[in-house]
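# Summary of the model geometry
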Amino acid sequence: MKEILIFAGTTEGRKLSEYLAEAEINHTVCVATEYGKIVLKQNPFAKVHQGRMNQEQIEKFLSNGKFDIVVDATHPFAKEITYNIQAALKELGQIGKSILYLRLKRDGIAERENDITYFETNEACVKALEDTEGNILLTTGSKELFKYCVSERIKHRLYVRVLPSVESLSLCIEQGIYGKQIIAMQGPFTTEMNEAIIRQYEIAYLVTKESGVPGGYQEKMNAAKRTGTKVFVIGCHEEGEGYSFSEICQKLEYMGGEKFQTKNQIKGNMEIILAGIGMGHAIGLTKEAERAIDEADILLGAERMLKTACSKAEKHPFYQAEQIIPYLHDIQSGNLVAENKKVMILFSGDSGFYSGCQSLYAALEKEITEGRLKAALRVLPGISSVAYLASCIGESYQDAAVYSIHGKKICNLARRIKSSPKTFLITSGVEDINQLGKLVTDAGMHKCEIITGYQLSYEEQRVERHTPLECMELKEEGLYTCFVKNPYAMQRRLTHGIADGQFIRDRVPMTKEEIREVSICKLRVKEKAVVYDIGSGTGSVAIEIADISDDLQVYAVEQNHEAVSLIEKNKKKFELQNVTVVESGAPEGLAGLPMATHAFIGGSDGRLKEIVIALRQINPNMRVVVNAVSMETICEMREILSMDEMIKEEEIVQLQVSRTKKAGNHHLMQSENPVWICSFEFCGGESERKV
């Protein structure tokens, strides 16, 4: 392996040494102070040289050491040492001794904040501080302290955070900084630690360098935001080229002709956290989620969420499994895994409430279980916009209907609101509010009150009360959650049983009420079932089934155009969006429909056997009910029941209904045609899905 020398003036320099030592690569590390030597972990693969060196001393040290590669990991503000290293290498190059120079750059801050004041030099910052009032926290280091102590208007207000070394303390004393003005501590500092210091010393201004991720820059910014502290930043723009930590390691591997193998790399585990972050603003974060964001190495999520997350982490706008899983594979299979990664995936609201978290969790759990990912997986809850809005208006939500129309439609929403005194809705934006107002108005619920929560948790938050008509006129785009209060909510019927007279019928045949009710009972419809009503007529059976639950899907298949028109009218009258009308004969009209779990055949046009065979091909576990009135249909049904290999649990009921008819002062019984009701299930097998 090539001889490697690291000038380590930063956290990256120390980490690079630790990484090489873990890979059992011999190297030398140069540090300027005794404290720099102390913070380096002792290991048999690293020789440490302590002491400041000028250009001539560096040149001599390089010659004696016979080094092949120099990694400059000094602080970006320490321009003198970088100049001396480069000058020494240039002099050696002129006498034929060539050494490769690599500049290790710090991880930078992706974005500059808009509410921070930037200065090119310390002197400019000092001048600005002279016109301020209040205590100052100086985090630029002891070497720059003298520039701030020249001004008596600043000096007595200074609280300086320096390394706990003799050199740093001596520089403070030289400048007349004593006692409580000195905070001698070794980082890294968390956001909470910075916040505690700011509050303890009543800091009004925080002075820092733009020192990147390892310098704790983002943690300082987070603390300043939380406390309302003004920030003065001394900017630093590095000149020349440099390489990231990962790129440096790859170059060292290439130069040595072998890959480094570290314990962490072999283990390769990462921690994946799926977290609900509330409505979006940072004040809605739970403390646990906030701490996890501070500690994360990588943040994934929609761009809106990433922008509000104050973090040093690397950010990528990935929020779908097909984006996230390949990305995690790339991380884990990369050439360099210096430390276990903490990956955090952000979701709006609560992770367990109308969230994409569940589907992603299942996909990640499968990857982990099947060995494609080595990771620990956990979920953090958040505050949902429904819970937040409920608290704003003093309403409970455990006894309310709660739906999300964010990017999707809810079947029979008007009926749901009509039967619920309280309804909370998560929406996609103002267009959803406009449509809600129209929906409620068209359903005749003019006395409903709609409360909108606009941009909840943000500065522009508004909670307003509207009539349905006013909702139709709203224009301002943004995030809305709303509450619908219906003081005249109707109790929904618990059984099916719509009277014949309630249907729009005209001259189209209709399955009579009592036959309809028994047939539906024999169908034994289950939750979230998909039902075909074949030969639907007026749609009375389809309407009755769809009315049982808003979560059912019903397909009314009818070839008569007049009958199709009647089904659409009845669908509109009963406000049932979960009925889909298919104008076609059967079985050809079944092609392309979602696979049914149940089927009712009220009219077959002489093709009963053909329809039943087609239904079995669609779903060999389907339950079927057939109504027969004519002898021809009864004969067809008898033939089907003889096919023992195809059906099971067959049952036949012959039902005849008599109704009273008033004749003068008397009530006479008038009989209806007898109807055969046949129910059965298919024997099971593979679904061919051919029609």
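Here's what I pulled together on the structure shown here. This structure is a prediction, so every number in the text was calculated from the model and none was measured.

Conventions used here
- Residues numbered from 1 in each chain as written.
- Predicted model: local features only at pLDDT ≥ 70, side-chain atom pairs only at ≥ 80, totals over all residues.
- Heavy atoms only, no water.
- Patch = residues over 30% accessible without salt bridge, like charges linked within 9 Å, V, L, I, M, F, W, Y side chains within 5 Å.
- Areas by Shrake-Rupley, 256 points an atom, 1.4 Å probe, with all protein chains shown as cover.
- Salt bridge = Lys/Arg side-chain N within 4 Å of Asp/Glu carboxyl O.
- Helix = DSSP H or I, 4+ residues; strand = E, 2+ residues; numbered from the N terminus.
- Buried < 20%, exposed > 50% of the residue type's maximum accessible area, 1.4 Å probe, protein only.
- Pairing = 2+ DSSP bridges.
- Axes fitted to C-alpha atoms, helices over the stretch in contact; angles between N-to-C directions.
- Contact = heavy atoms within 4.5 Å.
- Arc of directions from axis to C-beta.

## Considering a nonpolar patch on the surface
Judged by side-chain polarity, L100, Y254 and M255 come together as a nonpolar surface patch covering roughly 320 Å² of accessible area. Within the secondary structure, Y254 is located in helix α11 (residues 245-256). Overall, Y254 belongs to the exposed group, its relative accessible area being 70%.

## Overview of the sheet that holds strand β1 (residues 4-8)
Strand order in the open sheet formed by 5 strands is β3-β2-β1-β4-β5, and the pairing between neighbours is parallel. Both outer strands of the open sheet, β3 (46-50) and β5 (100-103), are each paired with one neighbouring strand and no more. This sheet shows a mean twist of 20° between the axes of neighbouring strands, independent of strand direction. As paired elements, strand β2 (residues 27-31) and β3 share 5 bridges and run parallel to each other. Each residue of the ladder has a partner; that of H27, found in β3, is A46. Packed onto the sheet, helix α4 (residues 79-94) meets β1, β4 (69-73) and β5 and runs at close to 160° relative to β5.

## A few points about the pairing of β4
Counting buried residues along β4, 5 of its 5 residues qualify, which places the element largely inside the surrounding structure. Of the two faces of β4, the one lined by I69, V71 and A73 and the one lined by V70 and D72 are each fully buried. In the sheet, β1 pairs with β4 via 5 bridges, with the strands oriented parallel. Bridged to I4 within β4 is I69. Here β4 runs beside β5; their pairing, made up of 4 bridges, is parallel. Its bridge partner being in β5, V71 is matched across the sheet by L102.

## A short note on the sheet that holds strand β11 (residues 230-234)
Spatially, β6-β11-β10-β7-β8-β9 is the arrangement adopted by the 6 strands of the open sheet, whose pairing is parallel. Each edge of the sheet is formed by a strand with only one pairing partner; in this case those strands are β6 (117-119) and β9 (182-184). The sheet shows a mean angle of 20° between the axes of neighbouring strands, taken without regard to direction. Both strand β10 (residues 203-209) and β11 contribute to a ladder of 5 bridges, which runs parallel. Bridged to L206 within β11 is V231. Across the sheet, helix α5 (residues 122-129) touches β6, β7 (135-138), β10 and β11, and the angle it forms with β11 is around 155°. The strands touched by helix α10 (residues 217-227) are β6, β8 (158-162), β10 and β11; relative to β10, the strand with the most contacts, the crossing angle is about 165°.

## Description of α5
Buried residues of α5: N122, C125, V126 and L129, and no others. One face of α5 carries all of its buried residues, which in axial projection span an arc of 100°. Taken together, the buried residues of α5 touch β6, β7, α6 (145-149), α7 (152-155), β10 and β11.

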